[in-house]
Amino acid sequence: EYEYYPDWRSAQAHFPLLVVQDMRNIEQFQKGMNSIGFSGARTNPIQETQVWNIHRVLQEYVCGT
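The structure presented is a predicted model; accordingly, all values stated were derived computationally and were not measured.

Moving on, we get to the packing of aromatic side chains. Centre-to-centre distance and the angle between the planes together describe a pair of aromatic rings. In the structure shown here, the tally under the stated rule is 1 aromatic pair. Note on Y5 and F15: the rings are 5.7 Å apart at their centroids and 75 degrees apart in plane angle, and the pair reads as edge-to-face. Within this pair, whereas Y5 is found in the segment before α1 (17-33), its partner F15 is found in the segment before α1, the two being separated by 10 residues in sequence. Its relative accessible area of 26% is what places Y5 among the partly exposed residues.

Dropping the structure here:
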């Protein structure tokens, strides 16, 4: 059964603490991503090599480059 909350703050007692902490950060995170100084997200070259590689392979497959 689905639950709908028009505002997550009104039901934060139902969520685990970790989710509440993440939700509190989302607004500031979005502001930062939409600022002029944000040039784009980059993957960590050591920890996220597999993510980078699959993006490269997908681009080659879709774009043929």
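This is not the end of the story, as more comes after the structure.
Turning our attention to the pattern of salt bridges. Oppositely charged side chains can pair when the atoms bearing their charge come close. Scanning the model with the defined rule gives 4 salt bridges in all. Among the ionic pairs, E27 bridges to K31, the shortest N-O distance being 3.8 Å. Note that E27 and K31 are positioned in helix α1 at a spacing of 4 residues, about one turn of the helix. Close ionic contact of E60 with R56 constitutes a salt bridge, the shortest N to O distance being 2.9 Å. Of the two residues, E60 and R56 are both situated in helix α2 (residues 49-63); the distance of 4 residues between them amounts to about one turn of the helix. Taking the relative accessible area as the measure of exposure, E60 reaches 36% and is therefore partly exposed. Judged by its relative accessible area of 33%, R56 is partly exposed. Salt bridges linked by common partners bring D7, R9, E27 and K31 together as one network.

On the surface, a cluster of nonpolar side chains totalling about 210 Å² of accessible area is made up of V19, M23 and I26. In this structure, I26 sits in helix α1.

Thresholds applied
Residues numbered from 1 in each chain as written. Predicted model: local features only at pLDDT ≥ 70, side-chain atom pairs only at ≥ 80, totals over all residues. Heavy atoms only, no water. Phe/Tyr/Trp six-rings, centres within 6.5 Å; stacked < 30°, edge-to-face > 60°. Helix = DSSP H or I, 4+ residues; strand = E, 2+ residues; numbered from the N terminus. Buried < 20%, exposed > 50% of the residue type's maximum accessible area, 1.4 Å probe, protein only. Salt bridge = Lys/Arg side-chain N within 4 Å of Asp/Glu carboxyl O. Patch = residues over 30% accessible without salt bridge, like charges linked within 9 Å, V, L, I, M, F, W, Y side chains within 5 Å. Areas by Shrake-Rupley, 256 points an atom, 1.4 Å probe, with all protein chains shown as cover.

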